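So you can see what is in the structure, the chains are spelled out below.
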Amino acid sequence: MPASLRAAVSSAFSRRRFLGTASAVGLGAAGLSACSDSGSTTDSEGRTVVEWWNIQTTEPSKTVWPERAKAFEAANPHVRVKLVTMENDAYKSKMTALTSSGKLPDIYHTWGGGVLKQQIDAGLVEDLTPSVQPWADTLVPASAKAYQFDGKTYAVPFDIGAVGFWYNKALFAKAGIESPPTTWAGYLDAVGKLKSAGITPIALAGKEKWPGMYYWAYLAMRIAGVDGMQKAADAKDFTGDAFVKAGEHLKELVVLQPFQKGFLGAAYSTPNGEAAAMGNGKAAMELMGQWAPVVQADAGKGIGGDLGFFPFPAVDGGKGAQSDVFGGGGGYAVRKGAPKAAADFLKFLVTAESDRVLVAKGSMMPVVKDATTALTDPNLKRVSDALGKATGFQLYLDQAYPPAVGQEINDSVAALIAGSKSPDQVARSVTQVAKSQ
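Residues numbered from 1 in each chain as written. Predicted model: local features only at pLDDT ≥ 70, side-chain atom pairs only at ≥ 80, totals over all residues. Heavy atoms only, no water.

Student: Where do I start with the packing of aromatic side chains in this structure?
Tutor: Given two aromatic rings, their pairing is described by the distance between the two centres and the angle made by the two planes. Going through the model one piece at a time under the given rule, you end up with 32 aromatic pairs. Here F149 and Y154 contribute two aromatic rings whose centre-to-centre distance is 6.5 Å and whose plane-to-plane angle is 55 degrees, an arrangement assigned as tilted. When sorted by exposure, F149 lands in the same class as Y154, which is buried. Seen from their ring centres, Y167 and F310 are 5.4 Å apart, and the 70 degrees between their planes marks the pair as edge-to-face. On the criterion of sequence distance, the pair formed by Y167 in strand β8 (residues 164–168) and F310 in strand β10 (residues 307–310) is long-range, its members being 143 residues apart. With relative accessibility at 11%, the residue Y167 sits in the buried group. (Phe/Tyr/Trp six-rings, centres within 6.5 Å; stacked < 30°, edge-to-face > 60°. Buried < 20%, exposed > 50% of the residue type's maximum accessible area, 1.4 Å probe, protein only. Helix = DSSP H or I, 4+ residues; strand = E, 2+ residues; numbered from the N terminus.)

Student: Looking at this structure, I do not really get the pairing of strand β9 (residues 285–288). What am I missing?
Tutor: Each regular strand carries side chains that alternate between the two faces of the sheet. Burial of β9 is two-sided: the residues M285 and L287 facing one way and the residues E286 and M288 facing the other way are all buried. Here β8 runs beside β9; their pairing, made up of 4 bridges, is antiparallel. By the bridge assignment for β9, Y167 is matched with M285. (Pairing = 2+ DSSP bridges.)

Student: Before we go on, may I ask you to explain the nonpolar core in this structure?
Tutor: Of all hydrophobic cores here, the largest spans 141 residues; its most connected members are Y187 and M285. Among the elements that line this core, the one with the most residues is helix α10 (residues 210–235), at 15 residues. Residues in contact with M285, not counting those within four places in the same chain, are F165, W166, Y167, F172, Y187, V191, L194, P201, I202, A203, M278 and F310. (Core = buried A, V, L, I, M, F, W, Y, C linked by side-chain atoms within 4.5 Å. Contact = heavy atoms within 4.5 Å.)

Student: Any chance you could explain the environment of A242 here in plain terms?
Tutor: Inspection of the secondary structure assignment puts A242 in helix α11 (residues 241–255). Spatially, the C-alpha atom of A242 lies 9.2 Å from that of M229, the residues being 13 residues apart in sequence. Contacts of A242, omitting those with residues within four sequence positions, involve A220, I223 and A224.

Student: Just checking my understanding: could you explain unusual backbone geometry for this structure?
Tutor: Generally, phi is negative for residues other than glycine and the peptide bonds are trans, each holding for most cases. Of note, the amide linkage connecting E59 to P60 takes the cis form, showing an omega dihedral of 5 degrees. In this structure, D150 is a non-glycine residue whose phi angle is positive, near 50 degrees. By the secondary structure assignment, D150 is in the loop between β5 (148–149) and β6 (152–153). Under the relative-accessibility criterion, D150 is labelled exposed at 75%.

Student: Explanation requested: helix α15 (residues 352–360) in the structure shown.
Tutor: If you check which residues of α15 are buried, you get A352, S354, D355, L358 and V359. In a view along the axis of α15, the buried residues occupy a sector of 160 degrees, so they form one face of it. Facing away from the buried surface of α15 by more than 90 degrees, the exposed residues are E353 and A360. Residues of α15 that are buried in the fold lie against α3 (61–75), β7 (155–162) and α14 (340–349). (Arc of directions from axis to C-beta.)

Student: Help me out: how do you make sense of the confidence of the model for the protein in this one?
Tutor: Parts of the model with low pLDDT should not have their predicted coordinates read in detail. On average, residues of the protein carry a pLDDT of 89, and 91% of them reach 70 or more. With pLDDT under 50 throughout, residues 1–34 is counted as low confidence; its partners more than four residues away or in other chains account for 74 contacts. (pLDDT = per-residue confidence, 0-100.)

Student: So what exactly am I meant to see when it comes to helix α19 (residues 423–436) here?
Tutor: Note on helix geometry: an α-helix contains 3.6 residues per turn, so any two residues three or four positions apart are oriented the same way. End to end, α19 covers 21 Å across 14 residues, agreeing with the expected 20 Å (1.5 Å per residue, within 8%). Within α19, the full set of buried residues consists of P423, V426, A427, S429, V430, T431, V433 and A434. (Expected span 1.5 Å × (residues − 1).)

Student: Would you mind going over the sheet that holds β9 with me for this structure?
Tutor: What links the strands of a sheet is backbone hydrogen bonding, and the strands pair in either a parallel or an antiparallel sense. Strand order across the open sheet formed by 3 strands is β9-β8-β10, with antiparallel pairing between neighbours. Sheet topology places β9 and β10 at the edges, where each strand pairs with a single neighbour. Sheet twist, expressed as the mean angle between neighbouring strand axes with direction ignored, is 25 degrees. In this structure, β8 lies alongside β10, joined through 4 bridges in antiparallel fashion. Looking at β10, one finds that Y167 is bridged to G308. (Axes fitted to C-alpha atoms, helices over the stretch in contact; angles between N-to-C directions.)

Student: Help me understand the environment of Q394, please; the structure alone is not making it clear to me.
Tutor: Secondary-structure assignment places Q394 in strand β12 (residues 392–395). On a C-alpha basis, the gap between Q394 and V226 in space is 6.4 Å, while along the polypeptide they are 168 residues apart. Excluding residues within four positions of it along the chain, Q394 makes contact with M221, M229, V325, F326, G327, A400 and Y401.

Now the structure itself:
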C-alpha cells in the first residue's frame, strides 16, 4: 500500500468499529490525569497549553499533524499544542474511561453520532456553534452533519467520505451492461446479467457484518428518506414499512445468490476477502467507502483504469433521492471549559489553506469547498463530487446510533443475509434494542 494513502485508509478502517463499553481496568492514573479538569493550563513559558488527542499513527498524517500544530503555534506564540497520538482501539478504551470520569482532553477525535451525543448529554462537550457560525458556509455541508444536534455544532470535521458502488468496467462490458444502474430494479437486472455471463456480481465480507449493513441502511434511506431515518431514530422505532421493505429488497438481492463463494466466512481486507476479490477482478462490484481502491490494490492487485464508481440506486416510490449520501468521517470536539485557543486551533485546521495541506499531504477527503482542487486521485474526485452534490447525509448507522443499537443492526442484517432472520424480525430486533437504551 502506498505510504501516501495509509493514513487515510487507517482512518477509514477505524469507522468500522464504534466506541464500546471498554473496561477502564489497567489504564492507570496516568492515562486519566493527562486531561485538565477545567480552565487553562500553562507551561513554564506562560503559554496556554492545548492538549490534542488524535489517532493519526501512520504516515503521512503522523507527520502532517505535528506540522499543523507547529504552524498554529508560529502564528499564535502564546499557545502550545500538545499532541497525544495513540492507536485507534487504545484511544477508544481510554476515551471510554475518561468519559466515565467526566474528564476529556481539550481537543479529541470523534466520529460523531451516538457516542458524541452521549458525551453532549453528559455535559462534557463545548458548544462550538458561535465559533463555527462565521465560517460554516465554507464547509462541504455533508461534512458537518455528524456533529450537529438540535441545531448546534459540537465538533469540526477534518475528513469526510461516502459509501457507493465500486465496479469493474471491463466485467460490466462483458456482461453487456452499458451503464451503471440508477434504480434498484435496474440493479437487480444488472446482477442477473452478470450471473448469466458467468461473473460473480458482488464481493461481500459476510464475516465482518458491517459491509452487509450498508445495503440495508442505504435501502432504508432510499425508501424512508433522511428525514424518515431521523424520525425513526428519535422515536426509537424501526418497525415502519420503510425498514421492513428495506429488508425485503435486500432479500430480493440475496435470493439471486450474487455473492462470491464462501462469502459468509470472508473478511474484508484479507487475501481471500472482499477487497481482494474486487482487486483481483474476481467480482464485478462491492458497496464500500472511499478507501476501497487502496484496499483493493493492497489485498489484491488492483484493477486500475477499469475501476468505476456509482451512487447507490434509487428505489421506486421511495422518499429518498439518489443524491442522498451515506457515509462518515472524522472530526474534533472540544471539552466543556477548554481554553479558547482550542476552538481557535480548529478554525485554523479547517481553513482552505490548511485543508489543502491535509488533502494533498495527509490524503484526507476535503471538508472545505475551496480545498477540493487539491484532490488529484480520480476515484476520490468521484466521491468528493457526490458529497458536494449531496441533498442529504446519513452517518453510518453503527456510529449514528448508540453502540448497542448499531451492533444490533449489524448482527440482524447479517442474519437476514444468512437466511436466519426475516425482514420483519430485523426491524423488531433493532427496535427492541433501541427502546432499551
